[in-house]
Amino acid sequence: MLNHRAVTLLFLPLLAVLLGLSLYREFSLIFFFIALVVFIVIVVYGTFWIGAGYHLKALCAGVATEREIAITFDDGPNSEITPQLLDLLKERGIKAGFFCIGKNIEGNEDLLRRMDNEGHIIGNHSFSHGIMFDFFPAAWLMQDLTRAEQAIAKAIGKKPLCFRPPYGVTTPHLARAVKGLYYTVIGWSIRSMDTSIKDDNKILKNVKRSLAPGAILLFHDNNPRILHIIGELIDFALEHGYKIVGFDKLLGIKAYA
Ligand SMILES: [Zn+2]
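Residues numbered from 1 in each chain as written. Predicted model: local features only at pLDDT ≥ 70, side-chain atom pairs only at ≥ 80, totals over all residues. Heavy atoms only, no water.

Engineer: I'd like to hear about helix H3 (residues 81-92), residue by residue, with values.
Structural biologist: For an α-helix the count is 3.6 residues per turn, leaving residues at separations of three or four pointing the same way. The first and last C-alpha atoms of H3 sit 17 Å apart over twelve residues, in line with the 16 Å expected at 1.5 Å per residue. Taken residue by residue, H3 has Ile 81, Thr 82, Leu 85, Leu 86, Leu 88 and Leu 89 as its buried positions. For H3, the arc enclosing every buried residue in end-on projection is 160°, short of the 170-degree limit, so these residues lie on one face. Relative to its buried face, H3 has exposed residues pointing more than 90 degrees away, namely Lys 90 and Glu 91. Looking at the buried residues of H3, the elements they touch are strand E2 (68-74), strand E3 (97-100), helix H5 (109-117) and helix H9 (226-239). (Helix = DSSP H or I, 4+ residues; strand = E, 2+ residues; numbered from the N terminus. Expected span 1.5 Å × (residues − 1). Buried < 20%, exposed > 50% of the residue type's maximum accessible area, 1.4 Å probe, protein only. Arc of directions from axis to C-beta. Contact = heavy atoms within 4.5 Å.)

Engineer: Report on the nonpolar core, specifying residues and quantitative values.
Structural biologist: The biggest cluster of nonpolar side chains holds 70 residues, and the ones touching the most others in it are Phe 73, Leu 89, Phe 98, Leu 112, Leu 217, Phe 219 and Ile 230. Sort the elements by how many residues they give to this core and H9 lands first, with eight residues. Other than its neighbours up to four places away in sequence, Phe 219 contacts Ile 71, Thr 72, Phe 73, Asp 74, Ser 192, Asp 194, Val 207, Ile 226, Ile 229, Ile 230 and Leu 233. Grouped together as the second largest cluster of nonpolar side chains are eleven residues, Leu 18, Phe 32, Val 43 and Tyr 54 included. (Core = buried A, V, L, I, M, F, W, Y, C linked by side-chain atoms within 4.5 Å.)

Engineer: Run through the state of the cysteines, naming residues and quoting values.
Structural biologist: Here the structure, examined in full by the defined rule, presents zero disulfides. Sulfur of Cys 100: no disulfide; nearest cysteine sulfur belongs to Cys 162 and is 13 Å away. The thiol sulfur of Cys 162 is not disulfide-bonded, and the nearest other cysteine sulfur, from Cys 60, lies at 13 Å. For Cys 162, a relative accessible area of 0% translates into the label buried. (Disulfide = S-S within 2.5 Å.)

Engineer: Describe in detail unusual backbone geometry, supporting the description with residues and values.
Structural biologist: Backbone torsion omega between Gly 76 and Pro 77 reads 0°, so that peptide bond is classified as cis. Positionally, Pro 77 belongs in the loop between E2 and H3. Located in the positive-phi region is Met 193, a residue other than glycine, with phi close to 60°. Note on placement: Met 193 falls in the loop between strand E7 (190-191) and helix H8 (200-210).

Written out as structure tokens, the structure is:
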């Protein structure tokens, strides 16, 4: 699998040689630009697609031999939607994963305790979740993740070991930060696009079609439309013989220290 170190070690000397040869008119400059574009495309792909494992290793699916899937929700807790979602999950006896944003926890600690008491798994999804989050320096990222970790630990008395990068974007700085804090990085194999696709039926159709053993599904519990979508999706998955488990069980990892 491609990783940033190997790609950089290959491309930087190659770019230098092509530039040097073009300056001595041995080669056209076009070869330098072609190599530069290929390098940029690889880096952009590796940065914006968490499943590429380019900057760091992220667990994005379980083994495909068991008919088990995990449902995860990002960006909560949300004082209006999360309680209704927890009711819905409780009615159906489903355990899910919640990647919480640290700044949303203040005032919603009872919701985290409820998640924990009802068997759901809580992971770190950063404290600030800013749009450029993943591009900050490693020391800043470590501080931010630690702040979110402390907010979670204060609410449920347990230190989370799993982290999901905001927007699924990864960088060399983020790789250093999660390594320094011993986090397991969790991605997804099915992105519902519930915050961008406006048609609930289209979301359901896409997710149902992609459903496969070992899948980790990504939704957002700050989106009110989720309530209708999740109920129908759970019914569909159970009818088709899937068992819905926590992502820790699906991946065979520890969720807390
Ligand atoms: Zn997020």
